[in-house]
Amino acid sequence: MKRPQNIIAESGLTLPFTALFGILVWLLAGLVQQQLWPQLAIFVATVYVLVELTNQNALLRVRSRMVSSTFILLSCTGCFLLPQMTGGIVQLCFTLAFLLLFQTYQTSHSVGRTFYAFTAVGLASIAFVQVLWYVPVLWVLMATQLQSMSWRTWWASLLGLALPYWFALLWFLFPFNLSADWTTNLSPLASHFAQLADITLHSSLIGHHPQLITYHIIARFLILTLTVTLAAVGMAHFWQHSFEDKIRIRLLYGFFTAMTAVTVLFIVLQPQHFDVLMRLLTLCACPLIAHVMTFTSSRLSNILFFIALALTLAVTAYNLFPWTAS
């Protein structure tokens with residue numbers, strides 16, 4: 001029996017309506033006033049790549065746009081994160097990396113796609129060097145979930161990671177003053193990597209409005225709690241009913257499960273990087289949440305679906321308040 005929840009999940013109108021809602025949130029978050037057009041373009045590109053990732057890998061065994069719709073809704077709950085260019089770049093790069101890595105499933109000689117996937121991760125690390133923490137995690141997942149790890153793909157991943165820094169090295173070594181000491185030219189690059197060793201907690205978590213310190217902490221707590229709770233429900237449901245999906249889909253969802261758990265751990269250990277890590281958590285959690293929303297059909301799940309939707313809208317409205325009030 002199909003309930004309203006299932007009709008919404010399988011409707012072709014779900015993504016267009018969600019996209020319209022997302023545009024409205026962007027407008028209220030300062031799209032025109034702050035000229036956030038580049039950030040919006042990156043966000044739209046991320047949604048497009050996510051649609052391709054869902055289609056190519058058949059993450060949902062019915063025709064549905066719930067993964068991308070869930071991504072848009074979860075992103076809107078953290079609307080104060082949308083203007084930040086760094087988070088958008090990292091999110092887009094990791095979406096591209098996932099798309100390419102999933103194409104290497106059980107193909108240990110797929111060095112080309114592995115190279116380009118890790119080039120995307122390397123580009124993300126130019127914007128936010130701490131994403132290099134994920135590289136060992138991705139190697140493990142390539143070996144266990146994607147079954148594509150070999151010496152060739154491992155070397156390809158290293159070369160892909162290094163490629164953006166090779167261009168950066170040229171930029172720093174041959175800038176405008178060739179007579180300068182090369183160690184001086186490289187100092188910005190050294191400082192960039194030094195951030196990996198900086199685990200000191202600092203006050204960036206509270207944002208740039210001292211008078212709203214409590215408000216910003218509550219806002220971040222709300223979106224983290226909502227996302228983690230929904231993701232946990234999605235994980236429990238998927239693994240309880242994983243026998244209904246193909247082995248390949250189980251392994252891909254194992255990939256998303258591991259990435260979600262690792263990202264939550266990173267947020268707990270390094271909350272000063274919350275704003276960027278939350279964008280990654282949203283990306284990794286949305287397939288898990290979309291799966292449970294699409295494939296449950298009991299009366300209780302229907303009620304919980306609308307409660308989750310109402311909470312998502314409520315958190316979005318709460319987090320929009322500082323922007324609409326300014």
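Residue numbering note: each chain is counted from 1, following its sequence as written. For this predicted model, a pLDDT threshold of at least 70 governs which residues receive local features, and a threshold of 80 or more governs which side-chain atom pairs are given and counted, while totals over whole chains, interfaces and linings are taken from all residues. The basis for every side-chain value is the complete set of heavy atoms in the structure, and neither hydrogens nor water enter the calculation.

Participant: Before we go on, may I ask you to explain the side chain of Ser242 in this structure?
Facilitator: In this fold, Ser242 is placed in the loop between helix H10 (213-240) and helix H11 (247-269). Three exposure classes are used, based on accessible area relative to the maximum for each residue type with a 1.4 Å probe and protein chains only: buried under 20%, partly exposed in between, and exposed over 50%. Using a relative accessible area of 13% as the deciding quantity, one classes Ser242 as buried. There is a polar contact of 3.5 Å between the side chain of Ser242 and the backbone oxygen of Trp239. Helix numbers and strand numbers start at the N terminus; a helix is a DSSP run of H or I with at least 4 residues, a strand a run of E with at least 2. Identification of polar contacts relies on pairs of N or O atoms within 3.5 Å, with a donor-acceptor requirement for protein atoms, meaning one able to donate a hydrogen and the other able to accept it, and with residues adjacent in sequence counted only if both atoms are side-chain atoms.

Participant: What is the right way to look at the environment of Val32 in this model?
Facilitator: Looking at the element boundaries, Val32 is found in the loop between helix H2 (14-28) and helix H3 (37-57). Exposure remark for Val32: the relative accessible area of 44% places this residue in the partly exposed category.

Participant: Would you mind showing me how to read empty space enclosed by the protein here?
Facilitator: Note on definitions: the grid is 1 Å and covers protein atoms alone; a cavity is a set of points where a 1.4 Å probe fits but cannot get out; a pocket is an open set with protein on both sides within 12 Å along at least five of seven lines; lining residues have an atom within 4 Å of a point. Grid points are joined across faces, edges and corners, and a volume is the space filled by probe spheres set on the points. Inspection of every chain in the model, using the stated rule, returns two cavities of 30 Å³ or more. The computed volume of the largest cavity comes to approximately 50 Å³. Lining the largest cavity we find Leu74, Ser75, Thr77, Gly78, Leu81, Ile223, Met278, Arg279 and Thr282. Elements represented by at least two residues in the lining of the largest cavity include exactly helix H4 (66-77) and helix H12 (274-295). In this count, Pro and Cys sit with the nonpolar residues alongside Ala, Val, Leu, Ile, Met, Phe, Trp and Tyr, while Asp, Glu, Lys and Arg are called charged and the others, Gly among them, polar. When its residues are assigned to classes, the lining of the largest cavity shows four nonpolar, four polar and one charged.

Participant: Honestly, the nonpolar core in this entry has me stumped. Any pointers?
Facilitator: Most often, soluble globular proteins keep nonpolar side chains buried together rather than apart. In this description, a nonpolar core means a group of buried Ala, Val, Leu, Ile, Met, Phe, Trp, Tyr and Cys residues linked to one another through side-chain atoms lying within 4.5 Å. One finds Phe94, Phe98, Tyr134 and Met259 to be the most contacted residues of the largest nonpolar core, which totals 92 residues. The dominant element in this core, judged by the number of residues it contributes, is H12, at 16 residues. The criterion used for residue contact is that any of the two residues' heavy atoms lie within 4.5 Å. With near-sequence residues (within four places) excluded, Phe98 lies in contact with Leu53, Leu138, Phe255, Phe256, Met259, Leu283 and Cys284.

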